[in-house]
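So the chains spell out like this:
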Amino acid sequence: MTKTFTYDDVVRYLYAETTENENVLIVEALALDDNLMNFYLDSLEIQSQMDKIVRIPSERTVAEVFKYSRQFSSKRPAALSY
């Protein structure tokens with residue numbers, strides 16, 4: 001029986017969440033299915049671009065976090081507020 005792989009399987013492969021046996025089968029499927037291969041290549045490019053994203057909090061945000069954390073001593077746990 002031939003296993004049909006989905007885009008979800010390709011994403012799992014991309015993030016190394018597949019078994020060695022699945023890896024072999026997915027590589028074979030990628031070689032045989034142009035749509036699956038194109039999805040893999042597009043996903044690989046998106047992953048590469050996402051790895052370059054850097055988010056830096058504003059100075060005000062950092063100051064507010066420090067201000068909040070100073071309210072609590074290191075000996076007692078902070079109360080959670082919602």
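Rules and cut-offs
- Residues numbered from 1 in each chain as written.
- Predicted model: local features only at pLDDT ≥ 70, side-chain atom pairs only at ≥ 80, totals over all residues.
- Heavy atoms only, no water.
- Helix = DSSP H or I, 4+ residues; strand = E, 2+ residues; numbered from the N terminus.
- Buried < 20%, exposed > 50% of the residue type's maximum accessible area, 1.4 Å probe, protein only.
- Contact = heavy atoms within 4.5 Å.
- Areas by Shrake-Rupley, 256 points an atom, 1.4 Å probe, with all protein chains shown as cover.
- Polar contact = N/O pair within 3.5 Å; in protein donor to acceptor, adjacent residues only side chain to side chain.
- Patch = residues over 30% accessible without salt bridge, like charges linked within 9 Å, V, L, I, M, F, W, Y side chains within 5 Å.
- Salt bridge = Lys/Arg side-chain N within 4 Å of Asp/Glu carboxyl O.
- pLDDT = per-residue confidence, 0-100.
- Axes fitted to C-alpha atoms, helices over the stretch in contact; angles between N-to-C directions.
- Parallel < 35°, antiparallel > 145°, perpendicular 65-115°, else oblique.
- Left-handed = near helix turned anticlockwise from the far one by under 90°.
- Nonpolar A, V, L, I, M, F, W, Y, C, P; charged D, E, K, R; others polar.

### Concerning the overall build of the protein
Counting its regular elements, the protein contains four helices and zero strands. Secondary structure elements of the protein, listed N to C terminal, follow the sequence α-α-α-α. Taking all 82 residues of the protein together, 15% fall into the buried category. Taking all contacts inside the protein whose residues are at least 6 apart in sequence as the whole, residues at least 24 apart take part in 42%. About 7,400 Å² of surface is accessible on the protein, with carbon and sulfur atoms providing 56% of the total.

### Quick look at the side chain of Thr18
Among the structural elements, Thr18 can be located in the loop between helix H1 (7-14) and helix H2 (20-32). At a separation of 2.3 Å, a polar atom in the side chain of Thr18 contacts the side chain of Asn23. Among residues more than four places away in sequence, those in contact with Thr18 are Asp9, Arg12, Tyr13, Asn23 and Ile26.

### Examining a nonpolar patch on the surface
Residues Ile46, Met50 and Ile53 make up a contiguous nonpolar surface patch of roughly 310 Å² in combined accessible area. The topology assignment puts Ile53 in the loop between helix H3 (34-51) and helix H4 (59-69). Its relative accessible area of 55% is what places Ile53 among the exposed residues.

### Overview of the confidence of the model for the protein
Within the protein, residue pLDDT values average 90, and 85% of them lie at 70 or more. Per-element averaging of pLDDT across the protein places H4 at the bottom with 93 and H1 at the top with 97.

### What about the packing of H1 against H3?
Interaxial distance between H1 and H3 falls to 10 Å at its minimum, and their mutual angle equals 45 degrees. Judged by the angle between their axes, H1 and H3 are oblique. Crossing of H1 over H3 shows right-handed handedness. Note on element contacts: H3 touches H1 through Asn35, Leu36, Phe39, Tyr40, Ser43, Leu44 and Gln47, opposite Tyr7, Val10, Val11, Tyr13 and Leu14.

### Considering unusual backbone geometry
Positive phi, close to 55 degrees, is recorded for Ala16, a residue that is not glycine. For Ala16, a relative accessible area of 67% corresponds to the exposed category.

### Structural notes on the packing of H2 against H3
Each pair of packed helices can be summarised by the angle the axes make with each other and by the distance between the axes. H3 packs onto H2 with a crossing angle of 110 degrees between their chain directions and a minimal axis gap of 5 Å. Relative to H3, H2 is oriented roughly perpendicular. Between H2, through Ala29, Leu30 and Leu32, and H3, the contact on the second element is made entirely by Asp34, Leu36, Met37 and Tyr40. Of the residues belonging to the contact of H2 with H3, the class tally is six nonpolar, no polar and one charged.

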